[in-house]
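# Chains, contacts and geometry: an overview
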Amino acid sequence: MNNNCFENLNDNNSIIQNALMKIEQDKRCKPVCCIGPTGPIGPTGPSGGPTGATGPTGATGPTGATGPTGSTGATGPTGATGPTGATGPTGATGPTGATGDIGPTGATGPTGATGDIGPTGPTGEAGDTPTLVIGTVTTGAPGTDADASITGTAPNFVLNLTIPQGPTGPTGATGATGVQGVQGVQGVQGVQGVQGVQGVQGVQGNQGETGATGATGPTGPEGADA
């Protein structure tokens, strides 16, 4: 016999569904030998009684496939500003900027007081004593200028002179001794002699006290970063 003959009617179905299922069971469960030809379909019976109470909700079926993503909705209003977060850690120090231009030089400070005299320096070595001897004395032509030159190497020098000869006057008659004449014009000054060797350097005085340091000028403006 077909196992479907023992299929229980479901209380969750309507009366009509259960009736149809009962007819179907009867067809399947009767012996083949005894089933006659199918009779004509009878008239539809009156509607059944009132609808029975709704059965309990069945178990949730499997989740269907995800539908296509809907269009993006309009942007909602901006929410209120949240509280300020805690300060983050300090970032790494950036590279040093380029050195700025040098500022203008500050005003010169006042001159400090005179320092103490420094210690006496060592005595210098004694210089050589110069010697001057007369070299040649030459008589120049009348009317020429007198001349002098110095030759030699220190400390030994030679003075050479050239003196012009005066013109010879005519021989006069011997007269009486007259009064003493007026003193003649002073002759041309001779050439200046060679300068003597410099004397020994005197003792150096004591060094004066260092004056007070002047005020520092204002610092120039800071240069801009690169």
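Predicted, not measured: the structure shown is a model, and the values here were computed from it.

### A closer look at a nonpolar patch on the surface
Among the surface-exposed residues, Ile 16, Leu 20 and Ile 23 lie close enough to one another that they form a single nonpolar patch of about 310 Å² accessible area. Residue position: Ile 16 is located in helix H1 (residues 15-29).

### Things to note about the side chain of Asn 160
Tracing the chain through its elements places Asn 160 in strand E3 (residues 156-164). The class of Asn 160 is buried, set by a relative accessible area of 16%. A distance of 2.9 Å separates a polar side-chain atom of Asn 160 from the backbone nitrogen of Thr 136.

### Description of the pairing of strand E2 (residues 147-153)
Note: E2 against E3, seven bridges, orientation antiparallel. Note that in E3 the partner of Ile 150 across the bridge is Leu 159. Taking the residues that link successive antiparallel strands as the turn, the E2-E3 hairpin has two residues.

### So, the sheet that holds E2
The three strands lie next to each other as E1-E3-E2, forming an open sheet whose pairing is mixed. With partners counted over all chains shown, the strands left at the sheet margins are strand E1 (131-140) and E2, one partner each. Across the sheet, the mean angle from the axis of one strand to that of its neighbour is 20°, orientation sign disregarded. With eight bridges joining them, E1 and E3 adopt parallel strand pairing. Paired with Gly 140 across the bridge in E3 is Pro 164.

Calculation rules
- As a convention, each chain's residues are numbered from 1 in the sequence order in which they are written.
- Reporting in this predicted model follows two pLDDT cut-offs: at least 70 for local features of residues, and 80 or more for side-chain atom pairs to be given and counted; totals over whole chains, interfaces and linings ignore these cut-offs and use all residues.
- Think of the side-chain values as coming from all heavy atoms in the structure, minus any hydrogens and water.
- Patch building starts from residues that exceed 30% relative accessible area and form no salt bridge, then joins like charges within 9 Å and nonpolar side chains (Val, Leu, Ile, Met, Phe, Trp, Tyr) within 5 Å.
- Shrake-Rupley sampling with a 1.4 Å probe provides the accessible areas, and residues are treated as covered by the protein chains on show and by no other component.
- Just to be clear on terms, a salt bridge is a Lys or Arg side-chain nitrogen sitting within 4 Å of an Asp or Glu carboxyl oxygen.
- Segments assigned H or I by DSSP are reported as helices when at least four residues long, segments assigned E as strands when at least two residues long, and all are numbered from the N terminus.
- Only protein chains enter the accessibility calculation, which uses a 1.4 Å probe; a residue whose area is less than 20% of its type maximum is buried, one above 50% is exposed, and one in between is partly exposed.
- By the criterion applied in these results, polar contacts are pairs of N or O atoms within 3.5 Å in which, for protein atoms, one can donate a hydrogen and the other can accept it, and in which residues neighboring in sequence qualify only through two side-chain atoms.
- In this analysis, strands are considered paired if DSSP registers two or more bridges between them.
- Axes here refer to lines fitted to C-alpha atoms; in helices the fit is confined to the stretch in contact. Angles between the N-to-C directions go from 0 to 180 degrees.

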